[in-house]
Amino acid sequence: MDNNVLPAIDVDRLEVSYGSQQVLHGVSLSVAPGEFIAILGSSGCGKTTLLRTIAGFQKAAGGAIRLFGRDVVNVPPEKRGMAMMFQSYALWPHMTVLGNVGYGLKLRGVPKSEIHKRVASILKMLNLSGLENRKVTNLSGGQRQRVALGRALAIEPEILLLDEPLSNLDAKVRIQLRSEIKSLQARLGFTAIHVTHDREEAMTMADRIVVMDAGHIVQVGPPKDVYDRPNSPFVASFMGAENTIDLEVHSSGQDVEIRTRDGLSTPFVGQIPMGSLTAYFRDDAASLHDPDARVAGSIILPGTITQRTYPGGHYRYVVAIGDRHFTVTDDEYHALERPVGLRLPVASLHLFPSDHPQGGIHA
Amino acid sequence: MSGEMKLTPGASGPLPLGLPKHNRRPAVVRSATAGKIWSAGAVLLKMLGLAVFAFLLFGPLANLALWSVAERWYAPFKLPVSYGLRYWEVVFRPTGDAMSSLATSVGIACLTVVVALAVSVPAGYALARLKLPWRTALMILFLLPQAFPSVAIYINVARVFYSIGLTGTITGVVLVHAAHGLVYSVWIAAAAFAAVDKDLELAARNIGASPLRTFFTITLPLAAPGIMASAIFVFLESLDEFTGTFFVGVPQVTTLPLLLYNASMGGNYQIASITALILLVPSVLFMIVIERFLKADVLSKVGQ
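Residues numbered from 1 in each chain as written. Chains lettered and ligands numbered in written order. Predicted model: local features only at pLDDT ≥ 70, side-chain atom pairs only at ≥ 80, totals over all residues.

**Observations regarding the overall build of chain B**
- Helix and strand counts for chain B stand at 15 helices and two strands.
- The buried share of chain B, taken over its 304 residues, is 35%.
- The contacts of chain B with a sequence gap of at least 6 include a subset with a gap of at least 24, amounting to 73%. (Helix = DSSP H or I, 4+ residues; strand = E, 2+ residues; numbered from the N terminus. Buried ≥ 20, exposed ≤ 12 C-beta atoms within 10 Å, placed from the backbone. Contact = placed C-beta atoms within 7 Å.)

**Observations regarding the overall build of chain A**
- Check the secondary structure of chain A and you find eight helices and 20 strands.
- With the principal axes as the frame, chain A shows a C-alpha extent of 80 × 45 × 40 Å.
- Looking at chain A residue by residue over its 363 residues, the buried ones come to 40%.
- Residue pairs at least 24 apart in sequence account for 67% of intrachain contacts in chain A once pairs closer than 6 positions are excluded.

**Examining the pairing of strand β4 (residues 62-67) of chain A**
Residue and element names in this part refer to chain A.
- With five bridges joining them, strand β1 (residues 9-18) and β4 adopt antiparallel strand pairing. Along β4, the bridge assignment pairs Val 11 with Ile 65.
- With two bridges joining them, β4 and strand β5 (residues 70-71) adopt antiparallel strand pairing. Its bridge partner being in β5, Leu 67 is matched across the sheet by Arg 70. (Pairing = 2+ DSSP bridges.)

**What to know about the domain arrangement of chain B**
All names here are of chain B.
- Partitioning chain B into structural domains gives domain 1 (2-84) and domain 2 (94-299).
- Taken together, the six residues of domain 1 in the interface contact nine residues of domain 2.
- In terms of residues, the side of domain 1 that touches domain 2 owes the most to one element, helix α4 (residues 32-69), which gives three residues.
- Residues that form the side of domain 1 that touches domain 2 fall into these classes: four nonpolar, one polar and one charged. (Domains from an automatic or database assignment. Nonpolar A, V, L, I, M, F, W, Y, C, P; charged D, E, K, R; others polar.)

**Some points on the confidence of the model for chain B**
Residues and elements named next belong to chain B.
- In the predicted model, chain B carries a mean pLDDT of 81, and 85% of its residues have values of at least 70.
- Across residues 1-24 the pLDDT falls below 50, and counting only partners more than four positions away or on other chains, this stretch makes 23 contacts in the model.
- Across the whole predicted complex the pTM is 0.76, and at the interface the ipTM reaches 0.84. (pLDDT = per-residue confidence, 0-100.)

**Observations concerning the interface of chain A and chain B**
- The interface of chain A with chain B comprises 17 residues on the first partner and 15 residues on the second.
- Mapped by element, the contributors of at least two residues to the side of chain A that touches chain B are β6 (82-85) and α2 (97-107) of chain A.
- With three residues, α2(A) is the single largest residue contributor to the side of chain A that touches chain B.

**Remarks on the pairing of strand β14 (residues 275-281) of chain A**
Residues and elements named next belong to chain A.
- Counting buried residues along β14, five of its seven residues qualify, which places the element largely inside the surrounding structure.
- Looking at chain direction, strand β11 (residues 243-252) and β14 are connected through seven bridges and run antiparallel. Note that in β14 the partner of Glu 248 across the bridge is Ser 276.
- Pairing of β14 with strand β20 (residues 350-353), which is carried by four bridges, proceeds in the antiparallel orientation. The residue of β20 that forms the bridge with Ala 279 is Leu 351.

**Here we look at the sheet that holds β4(A)**
Residue and element names in this part refer to chain A.
- Read from one edge of the open sheet, four strands run β2-β1-β4-β5, paired in antiparallel fashion. Since the sheet does not close on itself, it has two edges, and those belong to β2 (21-31) and β5, each with one partner.
- Against the sheet, helix α1 (residues 47-55) makes contact with β1, β2 and β4, and its axis sits at roughly 115° relative to β1, the strand it touches most. (Axes fitted to C-alpha atoms, helices over the stretch in contact; angles between N-to-C directions.)

**Topic: the domain arrangement of chain A**
All names here are of chain A.
- Examined at the domain level, chain A breaks down into domain 1 (9-236) and domain 2 (243-353).
- Put simply, the middle of domain 1 and the middle of domain 2, counted by C-alpha atoms, are 40 Å apart.
- Classifying every residue of the side of domain 1 that touches domain 2 gives three nonpolar, one polar and no charged.

**Here we look at α1(A)**
- When you tally the buried positions in α1(A), you get eight out of nine residues, the bulk of the element.
- Downstream of α1(A) by one or two residues, Gly56(A) has phi in the positive range, about 95°.

**Brief notes about the nonpolar core**
- Ile39(A), Leu161(A), Ile193(A) and Val210(A) are the most contacted members of the largest nonpolar core, which has 170 residues in total.
- For this core, the element with the highest residue contribution is helix α9 (residues 170-194) of chain B, accounting for 16 residues.
- In this structure, Ile39(A) is in contact with Lys47(A), Leu50(A), Leu51(A), Ile193(A), Val195(A), Val210(A) and Met212(A), ignoring residues within four places of it in sequence. (Core = buried A, V, L, I, M, F, W, Y, C linked by C-beta atoms within 7 Å.)

**A word on the sheet that holds strand β15 (residues 287-289) of chain A**
All names here are of chain A.
- An order of β15-β19-β16-β17-β18 is seen for the five strands of this open sheet, with the pairing classed as antiparallel. Among the strands making up the open sheet, the edge pair consists of β15 and β18 (324-330). When the angles between neighbouring strand axes are averaged without regard to direction, this sheet yields 50°.
- Note that strand β16 (residues 298-309) and strand β19 (residues 339-345) share seven bridges and pair antiparallel. Looking at the pairing, Ile 300 lines up with Arg 343 of β19.

**Re helix α10 (residues 198-206) of chain B**
- Among the nine residues that make up α10(B), seven are buried, leaving the element largely enclosed by the rest of the structure.
- Residues of α10(B) that are buried include every one of Leu200(B), Glu201(B), Leu202(B), Ala203(B), Ala204(B), Arg205(B) and Asn206(B), and no others.
- Lining the buried residues of α10(B) we find α1, β6 and α2 of chain A together with α11 (211-240) of chain B.

**Looking at the environment of Pro133(B)**
- Structurally, the position occupied by Pro133(B) is in the loop between α6 (97-129) and α7 (135-147).
- Sequence separation of Pro133(B) and Ile274(B) is 141 residues, and the distance between their C-alpha atoms is 50 Å.

Laid out in structure tokens, this is it:
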């Protein structure tokens, strides 16, 4: 980030409590102008609270929120100059599409004819032309959320907050709106913070991903960094590496020896932490081979296939190794109950010391 | 008032009568004669029950309607001796008491609605939205006027009002009616405000509306149907109110229920019946309107 440019949003050691229960424990986050940030976390992690505190709906117990250098922690929401999209759309059912989209302009004293013109151009941008006089209750979910987007963009905000706006929509509409919001952001240049629990949505839309857990930010970075190099078991499992296996790594002469709990040992050459480790890996990181195959730089675990599904494009298998079960995707068809070797390339394992707090299971 | 609301179950009465026909079939298979007796008895019982219900419901109303068109009716005759609309003419005569007391009644009811709304809109909003420490106690406070025997309360109210010169005035009667009506209007208004999704208000605040602007352009219009319903309740309660008006308003203020009371005490059943029928009109009309205004999502929040 350029040091001369003031961050659009600068959250500084923000603390928020509901009564005696602290929800945010000193969260700090800096967002550059025009940046698209996705806040990712499971429900109850404080991501929505963070967004609502930035919007001014929730009082901060400590810390600062600076918008382009201006501290807004005690400024009411209407004076913060941002706009928000809600999960529930939050459209006003007693108004038409024109009334909803034009509300912010009316507040700013824009003359009626000008409001008509600007609303029409916004609706055109959102493919809603000609719906001005429709009741919002007569629109489909996708249309409603487009109207809500139009209402937010009508006031030309510098900051757009998105509170899971796509999670109530059909899969197809959701993907369509994702790219529409992204391209509008590129065109209009607003700064966006998008709260979601959908990993793919966060990855495809954001410039940077913020992963939150229990009121703390646990990792910030570009999608690929967070995906490929999670900094904790929590982030690893949240980013989809839900298979875990315990390993012991010892040095043996020049090389290292990786030993599994079953006593299987594999020699390895390269950089790797030592001691008791837990490896986290995604189902597409592993692959299926012959049980007695030897591949350099990979651990091969013998097991049997207990389940096979076809989600499209590739097969997904459940492989039993001892009393553990692992999910693996593989392009090839394999028969059930077949003994196979589960190949784990050491380079694609996320390794953490075993005494590190465990990552939970996440949707 | 409550009698009218039960009209619907009465009207759907014939439906259950059709049912035994279907139920009879399996009985016939088992034992033809026993089944027949059993189902005939069931039909008879149902018809009897329905007849009693209809009599209780429509009997007084029919009597009322008969009295309003009876010119002469005395014992031992079961029906009026001669019919006519002479008393209707008396009631609707421009110089008659009925018309002026109808005007008084409607005027008092309108003022009562204004006073009750002036209290219940802010109070309802506060009870629904703000974190008030004594919320439950406050809600119950508005119920109190209903909890005590009304005569005892109104005698004391009359004494207090007398000492400050409010007895026999429209203001006094309006205050008594409003205190009574606040029970409905505060509880319903609180429910109506609670039913408005908070995100709708936040969305307005978020794009630049002040709290006051948000209230008048978003919250109030969305709560309006519930508040309308509460206003109608207050209006009807005021129109029907007798005890308070009797203790505070008499003799200067004469509303329709007081006229009705005077007429029936004086043995003039025709005038009393016609007055009662006039009182029925707004009740029935508004009941139909209320049914459209009061939505399930508002009703589910009453008392929460």
